[in-house]
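Summary of structural features
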Amino acid sequence: MVAPAGKQVQSMFGEIAERYDFLNGFLSFGIDRLWRRRAIKGAAVSASDKVLDLCCGTGDLAIAFAKEGCQTTGADFTYQMLSKAPPKADKNKVSVDWVQADAQQLPFTDDSFDVVSIAFGIRNVENAELAIQECHRVLKEGGRLVVLEFFPIPNPVWRFLFRLYFLRVLPVIAAVVRAGRTGAYTYLPQSVDEFYTANAFAKLLTSSEFKLLSDTALTGGVSRLFVAVKKSQ
Ligand SMILES: C[S@@+](CC[C@H](N)C(=O)[O-])C[C@H]1O[C@@H](n2cnc3c(N)ncnc32)[C@H](O)[C@@H]1O
């Protein structure tokens with residue numbers, strides 16, 4: 001399962017960084033916020049937890065963890081996305097460590113986090129398996145991995161509606177607001193189709209020494225929330 005090369009992904013997100021937050025809210029009718037809330041709830045954090053939000057983009061999920069009182073690090077390899085995050089953290093009066101890093105080669109020591117989260121990021125990582133192994137390495141034993149992501153939708157009605165929206169409506173809106181001349185929003189449905197199915201992703205987690213705690217379909221399965229725990233040796 002191989003996503004486009006990292007450089008391509010970086011330049012795509014670099015190009016849409018300026019409009020990313022607006023488009024996210026606008027194109028998802030604000031549902032993305034509810035999904036992130038579910039991720040926070042699924043992570044079941046306590047205030048002393050150390051959290052790494054991977055592929056953090058412009059920082060919303062990392063900031064939400066920091067607001068729960070967690071000691072939070074946000075990491076992403078696209079500078080233009082990451083640079084939007086610190087002013088938002090300041091505005092929310094929380095402190096987050098922002099690190100420019102590749103999910104496939106994390107600059108953190110083993111067993112350092114209680115929670116690693118990835119929202120709509122793992123699908124874009126060139127080698128998702130490698131990134132999951134890195135999540136495992138940096139998590140403490142018993143630490144939770146929380147993944148929010150779009151997967152191919154099993155329900156035919158929701159799949160039809162999703163494809164209609166993502167293939168027909170979304171690229172037109174994105175073109176009108178001139179988001180992503182590199183085709184970020186035509187890439188989105190294609191990357192979902194080419195990504196792991198939810199079942200295959202669950203298998204990837206279990207074969208990477210995680211115990212799956214839950215796999216929850218959100219909004220008819222348009223997105224899913226996986227919570228898994230790092231097994232003890
Ligand atoms: C769709 S955005 C999601 C951003 C944020 N998590 C959110 O929920 O809005 C995907 C992010 O993944 C990042 N990304 C993709 N591949 C990556 C990698 N190998 N290492 C680090 N970040 C990566 C991109 O730079 C981009 O900011």
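The structure under discussion appears in the preceding block.
Rules and cut-offs
Residues numbered from 1 in each chain as written. Predicted model: local features only at pLDDT ≥ 70, side-chain atom pairs only at ≥ 80, totals over all residues. Heavy atoms only, no water. Helix = DSSP H or I, 4+ residues; strand = E, 2+ residues; numbered from the N terminus. Buried < 20%, exposed > 50% of the residue type's maximum accessible area, 1.4 Å probe, protein only. Pairing = 2+ DSSP bridges. Near = heavy atom within 4 Å. Polar contact = N/O pair within 3.5 Å; in protein donor to acceptor, adjacent residues only side chain to side chain. Areas by Shrake-Rupley, 256 points an atom, 1.4 Å probe, with all protein chains shown as cover. Nonpolar A, V, L, I, M, F, W, Y, C, P; charged D, E, K, R; others polar. Salt bridge = Lys/Arg side-chain N within 4 Å of Asp/Glu carboxyl O. Phe/Tyr/Trp six-rings, centres within 6.5 Å; stacked < 30°, edge-to-face > 60°. Axes fitted to C-alpha atoms, helices over the stretch in contact; angles between N-to-C directions. Contact = heavy atoms within 4.5 Å. Patch = residues over 30% accessible without salt bridge, like charges linked within 9 Å, V, L, I, M, F, W, Y side chains within 5 Å. Core = buried A, V, L, I, M, F, W, Y, C linked by side-chain atoms within 4.5 Å.

The next thing to look at is unusual backbone geometry. The phi dihedral of F120 is positive, around 50°, even though this residue is not glycine. Locating F120 in the fold gives a position in the loop between strand 4 (113-119) and helix 7 (128-138). The class for F120 is buried, based on a relative accessible area of 11%.

Extensive coverage of strand 5 (residues 139-149) is indicated by the burial of eight of its eleven residues. Where strand 4 meets strand 5, six bridges bridge the pair, whose relative direction is parallel. Opposite V116, over in strand 5, you have L145 as the bridge partner. The pairing of strand 5 with strand 7 (residues 223-230) spans six bridges and is classified as antiparallel. Across the sheet, E149 pairs through a bridge with R224, a residue of strand 7.

In this section: the site of the ligand. Neighbouring residues of the ligand: 20 residues in total, closest Y20, C55, D76, T78 and A119. Within the backbone of A103, a nitrogen or oxygen atom sits 2.8 Å from a nitrogen atom of the ligand. Relative to its free-state accessible area of 600 Å², the ligand is covered by the protein chains to the extent of 97%. Breaking the shell around the ligand down by element, the ones donating at least two residues are helix 1 (6-16) and helix 2 (20-27). Considering only residue class, the shell around the ligand consists of twelve nonpolar, five polar and three charged.

Turning our eyes to something else, we now look at the pattern of salt bridges. This structure, assessed with the given rule, holds 13 salt bridges. A salt bridge links K88 to D21; its shortest N-O distance comes to 2.6 Å. With a gap of 67 residues between them, K88 in helix 6 (residues 85-91) and D21 in helix 2 connect regions that are remote in the sequence. On the basis of relative accessibility, which here comes to 18%, the residue K88 falls in the buried class. What you see here is one network of salt bridges that share partners, running through D21, D60 and K88.

Counted according to the given criterion, the structure contains twelve aromatic pairs. Where F108 meets F113, the ring centres are 5.3 Å apart and the plane angle is 90°; that geometry is what we call edge-to-face. A residue is classified by how much of its surface remains accessible, and F113, at 3% relative accessible area, is buried. Aromatic pair F201 and F226: ring centres 5.1 Å apart, planes at 70°, arrangement edge-to-face.

To continue, consider the sheet that holds strand 3 (residues 96-100). The seven strands lie next to each other as 3-2-1-4-5-7-6, forming an open sheet whose pairing is mixed. Of all strands in the sheet, those bounded by a partner on one side alone are strand 3 and strand 6 (210-218). Neighbouring strand axes in the sheet, compared pairwise and without regard to direction, differ in orientation by 15° on average. As paired strands, strand 2 (residues 71-76) and strand 3 are joined by five bridges and run parallel to one another. Directly across from A75, in strand 3, lies its bridge partner V99. Lying over the sheet, helix 3 (residues 31-43) contacts strand 4, strand 5, strand 6 and strand 7, oriented at roughly 160° with respect to strand 5. Taken strand by strand, helix 7 contacts strand 1 (50-54), strand 4, strand 5, strand 6 and strand 7, and its axis lies near 145° from that of strand 5.

Another aspect to go through is a nonpolar patch on the surface. Together, V157, W158, F160, L161 and L164 make up a nonpolar patch on the protein surface, roughly 480 Å² of accessible area in all. Looking at the secondary structure, you find W158 in helix 8 (residues 156-176).

Before going further, it helps to spend a moment on the nonpolar core. Counting residues in each nonpolar core, the largest one holds 31 residues, and the members touching the most others are L52, L54, V116, I122, L145 and F201. Going through the elements one at a time, strand 1, strand 4, helix 7, strand 5, helix 10 (198-207) and strand 7 are the ones with two or more residues in this core. Among all residues touching L52, those that are not within four sequence positions of it are T73, A75, L106, F108, F113, V115, V116, S117 and V138. Ranked by size, the runner-up nonpolar core spans 29 residues in total, among them A39, C70, F166 and L218.

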